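Coordinates in review
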Amino acid sequence: MSLETITRRLRDAEAKAGRPAESVTLIAVSKVQPADRVDAVLQQGQRIFGENRVQEAQTRWPSFLPRFEGISLHLIGPLQTNKARAAMEMFDAIHSVDRPKLVESIARLSDEMGRCPELFVQVNTGAEPQKAGILPEDVDALIVQCRDLSLPVVGLMCIPPAEEDPAPHFEALAGMAERNGLTGLSMGMSGDFETAVAHGATHVRVGSAIFGDRVYQG
Ligand SMILES: *Cc1c(COP(=O)(O)O)cnc(C)c1O
């Protein structure tokens, strides 16, 4: 597929859901993709990108940033506390805030740096043991903690279990956001972004459908 096709499908999904055109932000997930594919998508006008590793983003983006105006980078992968500073320097949004210790670190750094990316709390909606994200029963308390520390928490993020129908997970996440007065919903990937839009996604994270399959080295 291509950026053009995905963008058209996204506009169709918005229309079908009765939502305004361009109300959903497309995050092009460039992790692991070769530089020439990322370059091509930048040439086509895309400016918002998702990466799941701080270190990979640090090697990839410094060469692109001076060449294209208005690039915005979103961290969508798990964040270790010792990488929080680097992440806050590089990213405009962090979608993987998922534990009190990380919130404390971000708050401390935010005071020190005088700025903070927009934050999404990642929820492990399927309560999968191997998956990052806070458990649904603990999400309200984490949001309160963010707010008590004056952090810019804007929404929730989830990655539904691979083998399940994603719709109930999207619905559950939307419910958690609503009861907490949060408007951002980061949900939906290549295989299910239209379903996510139907359930209120404000940010979809699409990788392989734009760039092609990821080829892992080694
Ligand atoms: C890799 C990744 C995506 C994109 O996945 P695709 O299936 O390639 O669209 C979205 N969100 C997260 C958190 C990811 O790690």
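Described in the following lines is the structure provided in the data block. (Residues numbered from 1 in each chain as written. Predicted model: local features only at pLDDT ≥ 70, side-chain atom pairs only at ≥ 80, totals over all residues. Heavy atoms only, no water.)

Quick word on the layout of surface pockets
Using a probe with the size of a water molecule, rolled over the atoms, empty space left in the structure can be pinpointed. Of the volumes computed, that of the largest pocket is approximately 340 Å³. Around the largest pocket sit 18 residues that line it, and Lys31, Asn52, Ile76, Ile159 and Met189 are the ones nearest its centre. Here the lining of the largest pocket is composed, by residue class, of seven nonpolar, seven polar and four charged. (1 Å grid on protein atoms, 1.4 Å probe; cavity = no way out; pocket = protein on both sides within 12 Å on 5 of 7 lines; lining within 4 Å. Points joined across faces, edges and corners; volume = space filled by probe spheres on them. Nonpolar A, V, L, I, M, F, W, Y, C, P; charged D, E, K, R; others polar.)

Section: the site of the ligand
Taken together, Val29, Lys31, Ile76, Met157, Ile159, Met189, Ser190, Arg205, Val206, Gly207, Ser208 and Arg214 form the complete shell of residues around the ligand. In the environment of the ligand, a nitrogen atom lies 2.8 Å from a nitrogen or oxygen atom belonging to the side chain of Arg205. Within the side chain of Arg214, a nitrogen or oxygen atom sits 2.7 Å from an oxygen atom of the ligand. In isolation the ligand has 390 Å² of accessible area, and contact with the protein removes 89% of it. (Near = heavy atom within 4 Å. Polar contact = N/O pair within 3.5 Å; in protein donor to acceptor, adjacent residues only side chain to side chain. Areas by Shrake-Rupley, 256 points an atom, 1.4 Å probe, with all protein chains shown as cover.)

Comments concerning helix α7 (residues 167-179)
Between the first and last C-alpha of α7 there are 19 Å, a value that for 13 residues agrees with the 18 Å anticipated at 1.5 Å per step. By the burial criterion, the buried members of α7 are Ala167, His169, Phe170, Leu173, Ala174, Met176 and Ala177. Against the buried residues of α7 lie α6 (139-148), β6 (153-157), β7 (184-186) and α8 (193-198). Following α7 by one or two positions, Gly181 has its phi on the positive side, about 70 degrees. (Helix = DSSP H or I, 4+ residues; strand = E, 2+ residues; numbered from the N terminus. Expected span 1.5 Å × (residues − 1). Buried < 20%, exposed > 50% of the residue type's maximum accessible area, 1.4 Å probe, protein only. Contact = heavy atoms within 4.5 Å.)

Brief notes about the pattern of salt bridges
Summed over the entire model, instances satisfying the criterion amount to nine salt bridges. Between Glu56 and Arg60 there is a salt bridge whose closest N-O contact spans 3.0 Å. Of this pair, Glu56 and Arg60 both sit in helix α3 (residues 54-64), four residues apart, which is roughly one turn of the helix. Each member of the pair, Glu56 as well as Arg60, is classed as buried. With its nearest N and O atoms 2.9 Å apart, the salt bridge here joins Asp140 to Arg179. In this pair, Asp140 sits in helix α6 while Arg179 sits in helix α7, placing the two residues 39 residues apart along the sequence. Three or more residues joined by partner-sharing salt bridges are found here, namely Glu51, Glu56 and Arg60. (Salt bridge = Lys/Arg side-chain N within 4 Å of Asp/Glu carboxyl O.)

Details of the side chain of Gln46
Locating Gln46 in the fold gives a position in the loop between α2 (35-43) and β2 (48-51). From its side chain, Gln46 meets the backbone oxygen of Leu26 in a polar contact 3.0 Å long. Setting aside anything within four residues of it in sequence, one finds Gln46 in contact with Leu3, Leu26, Ala28 and Val41.

Description of the state of the cysteines
Counted by the stated rule, this structure contains zero disulfides. Between Cys146, a cysteine without a disulfide, and Cys116, which holds the nearest cysteine sulfur, the sulfur-to-sulfur distance is 8.8 Å. On the accessibility criterion, Cys146 (0% relative accessible area) is buried. With no disulfide partner, Cys158 has as its closest neighbouring cysteine sulfur the one in Cys146, 17 Å distant. Note on Cys158: relative accessible area 0%, which makes it buried. (Disulfide = S-S within 2.5 Å.)

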